[in-house]
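Inside the fold
Below, each chain spelled out in residue letters.
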Amino acid sequence: MVGTREAQLNMGKQNFGLARGIVTVVIGVVVAIAFSVLMPGKTENSWTFGDSGVCRFPAIYNFGDSNSDTGGRSATFYRLPSPYGNSFFGKSSGRFSDGKVVIDFIAEKLGLPFVSAYLDSIGSDYRHGANFATGGSTIQPIDGRGFDARFSPISLDVQLMQFQQFKARTNELFSNGVKSHLPLPGDFSEALYTLDIGQNDLHSGFKFMTEEQVQASIPNITHRFASVVEKLYQEGARAFWIHNTGPIGCIPLTARHISAMQPDKVDELGCVKSHNEIAQEFNRQLKERVSDLRAKLTDADLTYVDMYSAKFVLISEAKQHGFTDPLSYCCGRDGDYFVPCGMKIAVDGVEVSGDSCSDPSQHISWDGIHYSHAANLWIANKILDGSFSDPPTAITEACRKAL
């Protein structure tokens with residue numbers, strides 16, 4: 001979700017700070033990594049169940065964008081400043097929130113530690129999985145315009161390659177007796193694979209294309225997504241928990257800007273109608289892809305999670321659930337000039353800060369783009385019991401095939 005609106009000189013251009021040439025070298029190295037040999041297409045899984053009959057996943061492997069990034073972008077490009085992370089961690093944690101993101105609540109529900117970012121080499125522990133998500137990531141690879149607009153070059157294809165290298169090297173190290181901070185080789189086929197990505201494909205499209213062109217691009221985007229799922233399956237993955245995209249027309253920074261310029265484009269909540277309609281079309285096609293994958297990968301368990309509906313319920317019923325105006329946000333400053341959350345700028349010789357509000361728990365949006373800790377907790381509580389899933393499966397039973 002990093003990459004909405006030009007005002008998002010995102011977390012400050014001066015902090016992003018990598019010259020295009022350096023990033024090109026970095027990405028060239030990533031793309032050049034050796035692929036591990038693909039596993040045979042079908043493996044037998046003997047899932048472990050707890051005393052209550054729930055699935056005991058030994059690890060989580062996550063792929064996505066800032067909705068589920070636990071430190072990848074922060075470690076790679078620039079460190080997210082305080083007050084990011086302060087509500088729960090007491091310091092910046094690399095998450096685009098004041099506290100936890102949904103993948104953290106997923107890990108807690110499964111009795112696992114928080115999932116370390118693959119790109120964060122400091123203090124990480126991968127015994128229970130790895131997180132390949134980075135803020136601003138897309139399903140489709142970005143071009144130069146996308147990079148200039150602060151989208152991440154670490155697209156879903158690159159995240160897949162990172163996973164393949166991680167798995168291959170883990171197996172090599174294990175065979176050489178190195179086991180510290182790494183998963184067991186057998187854990188890869190027993191792990192839960194979570195995916196939450198696609199929103200930035202639509203955001204970047206709105207920035208560089210007409211809405212008609214964005215909608216026409218959806219089949220190719222969802223095809224790429226399905227291709228990555230198939231490749232993960234070939235690597236031994238069998239349990240998938242797949243989030244659709246949220247109501248992007250309700251992102252405060254975008255919605256408020258468009259509402260001021262074109263008030264006829266927003267609905268009664270203040271959300272951009274056409275953006276939400278395109279997000280719903282993306283979700284419709286994504287759900288079809290998941291259905292096709294179920295028919296093709298017959299021994300896999302694929303759960304499709306309707307994040308759009310869960311988030312829209314929260315936004316449309318914000319006050320009922322103890323939140324303030326859903327299109328307000330806690331951290332950062334808007335108006336005559338924009339100051340991103342945690343940043344400072346000089347205005348007429350005076351330093352102006354993008355500070356946090358006094359009570360982030362009252363806000364659905366943390367920084368005008370990303371959800372607050374309190375909102376992520378509310379959303380997680382709604383989705384993890386299977387209420388918004390197809391099939392209606394709780395995450396603790398996501399290793400069971402629907403009958």
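Read on for an overview of the structure. Predicted model only: the values in this text are computed from it and were never measured.

A complete count under the given rule lists 21 aromatic pairs for this structure. Considering the side-chain rings of Tyr-84 and Trp-366, the 5.9 Å spacing of their centres and the 80 degrees angle between planes classify their relative orientation as edge-to-face. Here Tyr-84, found in the loop between helix H3 (72–76) and helix H4 (102–109), pairs with Trp-366, found in the loop between strand S7 (350–353) and helix H13 (373–383); they are 282 residues apart in sequence, far enough to count as distant. On the basis of relative accessible area, Tyr-84 is assigned to the buried category, the value being 0%. When its relative accessible area of 1% is taken as the criterion, Trp-366 is described as buried. Centroid distance Phe-88 to Phe-89: 4.8 Å. Interplanar angle 85 degrees. Geometry classified as edge-to-face. The exposure class assigned to Phe-88 is partly exposed, which follows from its relative accessible area of 38%. Overall, the relative accessible area of 24% leaves Phe-89 in the partly exposed class. Ring pairs connect the aromatic residues Tyr-61, Phe-63, Tyr-118, Tyr-126, Phe-132, Phe-163, Phe-166, Phe-188, Tyr-193 and Phe-240, which therefore count as one cluster.

For the rest of this paragraph, the subject is the side chain of Ser-274. Mapping Ser-274 onto the fold places it in helix H11 (residues 273–296). Given the relative accessible area of 14%, Ser-274 is considered buried. Beyond its immediate chain neighbours, meaning those up to four positions away, Ser-274 contacts Glu-211 and Lys-265.

Summed over all chains, the structure comprises 13 salt bridges. Among the ionic pairs, Glu-288 bridges to Arg-284, the shortest N-O distance being 2.8 Å. You can see Glu-288 and its partner Arg-284 sitting in helix H11, 4 residues apart, about one turn around the helix. Classification of Glu-288 by relative accessible area gives partly exposed; the value is 43%.

Bringing the state of the cysteines into the picture now. Inspection of the entire model under this criterion finds 4 disulfides. Put simply, Cys-55 and Cys-399 are joined by a disulfide, and their sulfur atoms are 2.0 Å apart. Its S-S torsion of about -90 degrees marks the bond between Cys-55 and Cys-399 as left-handed, since a negative value means left-handed. Within this pair, whereas Cys-55 is found in the loop between helix H2 (20–31) and strand S1 (60–64), its partner Cys-399 is found in the segment after strand S8 (389–390), the two being separated by 344 residues in sequence. Comparing Cys-55 with Cys-399, the two get one shared label, buried.

Pairing within the open sheet is mixed, and its 6 strands lie in the order S2-S1-S3-S4-S5-S8. The open sheet has two free edges, formed respectively by strand S2 (129–131) and S8, since each of these has just one partner strand. Contacts from helix H9 (residues 211–234) reach S1, strand S3 (192–196), strand S4 (239–243) and strand S5 (301–305) within the one sheet, and its direction differs from that of S4 by about 160 degrees.

With that settled, the discussion passes to the environment of Gln-159. Take Gln-159: it is sitting in helix H6 (residues 156–175). As for Gln-159 and Ala-133, which are separated by 26 residues in sequence, their C-alpha atoms are 7.2 Å apart. Not counting residues within four places of it along the chain, the set of residues in contact with Gln-159 comprises Phe-63, Gly-64, Phe-132, Ala-133, Thr-134, Ser-137, Ile-154 and Ile-197.

Buried residues dominate S3, accounting for 5 of its 5 residues. Taking every second residue as pointing to the same face, both faces of S3 are buried, with Leu-192, Thr-194 and Asp-196 on one and Tyr-193 and Leu-195 on the other. Across 5 bridges, the pairing between S1 and S3 is parallel. Paired with Asn-62 across the two strands is Thr-194, which belongs to S3. Inspection of the sheet shows S3 paired to S4 by 4 bridges, in the parallel sense.

Here the focus is the packing of H9 against H11. Orientation of H9 relative to H11, taken along the N-to-C sense of each, is 30 degrees, at an axis distance of 9 Å. Comparing the axis directions of H9 and H11 gives the class roughly parallel. Regarding H9 and H11, the two cross each other, and that crossing is right-handed. Contact with H9, carried on its side by Glu-211, Val-214, Gln-215, Ile-218, Pro-219, Ile-221, Thr-222, His-223, Phe-225, Ala-226, Val-229 and Glu-230, involves Ser-274, His-275, Ile-278, Glu-281, Phe-282, Gln-285, Leu-286, Arg-289, Leu-293 and Lys-296 of H11 and no other residues of that element.

Mapped onto the fold, Lys-167 is located in helix H6. Residue Lys-167 is classed as buried on the basis of its relative accessible area, which comes to 6%. Expressed as a C-alpha distance, the spacing of Lys-167 and Leu-182, which sit 15 residues apart in the sequence, is 9.8 Å.

With that settled, the discussion passes to the packing of H6 against H9. The contact between H6 and H9 brings their axes to 10 Å, and the two run at 5 degrees. For the element pair H6 / H9, the angle class is roughly parallel. On H9, the residues that touch Leu-156, Asp-157, Leu-160 and Phe-163 of H6 are Arg-224, Phe-225, Val-228, Lys-231 and Leu-232. Residues belonging to the contact of H6 with H9 are distributed by class as follows: 6 nonpolar, no polar and 3 charged.

A separate point is H4. For H4, the tally of buried residues reaches 6 of 8 residues, placing the bulk of the element in the interior. Along H4, the residues classified as buried are Val-102, Ile-103, Asp-104, Phe-105, Ile-106 and Ala-107. Contacts made by the buried residues of H4 are with S1, S2, S3, S4, helix H12 (307–316) and H13. Directly after H4, the chain includes Gly-111, whose backbone phi takes a positive value near 75 degrees.

What counts, and where the lines are drawn
Residues numbered from 1 in each chain as written. Predicted model: local features only at pLDDT ≥ 70, side-chain atom pairs only at ≥ 80, totals over all residues. Heavy atoms only, no water. Phe/Tyr/Trp six-rings, centres within 6.5 Å; stacked < 30°, edge-to-face > 60°. Helix = DSSP H or I, 4+ residues; strand = E, 2+ residues; numbered from the N terminus. Buried < 20%, exposed > 50% of the residue type's maximum accessible area, 1.4 Å probe, protein only. Contact = heavy atoms within 4.5 Å. Salt bridge = Lys/Arg side-chain N within 4 Å of Asp/Glu carboxyl O. Disulfide = S-S within 2.5 Å. Pairing = 2+ DSSP bridges. Axes fitted to C-alpha atoms, helices over the stretch in contact; angles between N-to-C directions. Parallel < 35°, antiparallel > 145°, perpendicular 65-115°, else oblique. Left-handed = near helix turned anticlockwise from the far one by under 90°. Nonpolar A, V, L, I, M, F, W, Y, C, P; charged D, E, K, R; others polar.

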